[in-house]
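Here are the chains, one letter per residue:
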Amino acid sequence: MNDPGQMRRLLDLGVDGIMTDRTEDLRAVLRERGAWSG
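For clarity, every value in this text was computed on a predicted model and none was experimentally measured.

Considering helix α2 (residues 23-32)
Line of reasoning, step 1. Along α2, the positions that sit buried rather than exposed are Asp-25, Leu-26, Val-29 and Leu-30. All buried residues of α2 fall inside an arc of 135° around its axis, so they share one side.
Line of reasoning, step 2. Structurally, α2 contributes buried residues whose contacts are with α1 (4-13).
Line of reasoning, step 3. Where α2 ends, the next residue or the one after it, Gly-34, has phi of about 75°, a positive value.

Here it is, written out as structure tokens:
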């Protein structure tokens, strides 16, 4: 999963994990949601 929009959608659905080649995008999405500290 490399599309931030789809990452957001999946997180909204309650997935437990996302596999990606674009960790910087996933980190940004998680930071938006307050789910990444660091």
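Following the structure, the description resumes.
Overview of the UniProt feature "domain: GP-PDE" (unreviewed entry) in the chain
Line of reasoning, step 1. As annotated by UniProt and renumbered to match this structure, "domain: GP-PDE" (unreviewed entry) occupies residues 1-30.
Line of reasoning, step 2. Summarising residues 1-30: 60% helix, 0% strand, and an end-to-end C-alpha distance of 14 Å.

The rules behind these values
- Residues numbered from 1 in each chain as written.
- Predicted model: local features only at pLDDT ≥ 70, side-chain atom pairs only at ≥ 80, totals over all residues.
- Heavy atoms only, no water.
- Buried < 20%, exposed > 50% of the residue type's maximum accessible area, 1.4 Å probe, protein only.
- Helix = DSSP H or I, 4+ residues; strand = E, 2+ residues; numbered from the N terminus.
- Arc of directions from axis to C-beta.
- Contact = heavy atoms within 4.5 Å.
- UniProt positions renumbered as here; feature names shortened; annotations may be inferred.

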